[in-house]
Amino acid sequence: MSLKFIQTHEASRDCTAPYDVVLDKPYTITEFIHEVLTTRPNEWGQFNIRQKGSNWLDRMAVVEYRYGKMENRDWEKIVASLPIEEVKARGGWSAMDYDLIIKE
């Protein structure tokens, strides 16, 4: 995976920072989650899936993950094949949360 993480602001007191994630190719929700789980197996956190233009709390689904495995799969029927338009991330050390933004 050649995702590129570009830090967009300084790290906060808890040593986490926000990132823009530059995708190396088009991804669906399922493809991106699989890519992170297989290439970054020491991470844990969540994937927040939402439509472009919606606020952070207005999520379509939340997928929690831990060390290469998903904690829940109820999201797959709803959003699995939707294409991702943009990815934002926030974290540090081994914790990383991703905002997967799909087209409106």
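Residues numbered from 1 in each chain as written. Predicted model: local features only at pLDDT ≥ 70, side-chain atom pairs only at ≥ 80, totals over all residues. Heavy atoms only, no water.

Student: I would appreciate a short explanation of the pattern of salt bridges in the present structure.
Tutor: Side chains that carry opposite charge are capable of pairing whenever their charged atoms lie near each other. Tallied over the full model, the rule gives five salt bridges. A salt bridge links K52 to E85; the shortest N-O distance between them is 2.7 Å. Residue K52 is found in the loop between β3 (44–51) and β4 (61–66), and its partner E85 is found in strand β6 (residues 84–92); the two are separated by 33 residues along the sequence. Its relative accessible area of 35% is what places K52 among the partly exposed residues. Overlapping salt bridges bring together D20, E86 and K88 as one network. (Salt bridge = Lys/Arg side-chain N within 4 Å of Asp/Glu carboxyl O. Helix = DSSP H or I, 4+ residues; strand = E, 2+ residues; numbered from the N terminus. Buried < 20%, exposed > 50% of the residue type's maximum accessible area, 1.4 Å probe, protein only.)

Student: What should I look at first to understand the pairing of strand β2 (residues 17–22) in this one?
Tutor: In summary, the side chains of a regular strand alternate between the two faces of the sheet. Inspection of the sheet shows strand β1 (residues 4–7) paired to β2 by four bridges, in the antiparallel sense. From the neighbouring strand, I6 faces β2, where its bridge partner is D20. One ladder, built from five bridges, connects β2 with β6; its direction is antiparallel. By the bridge assignment, Y19 is partnered in β6 with A89. (Pairing = 2+ DSSP bridges.)

Purely geometric numbers; function is a separate question.
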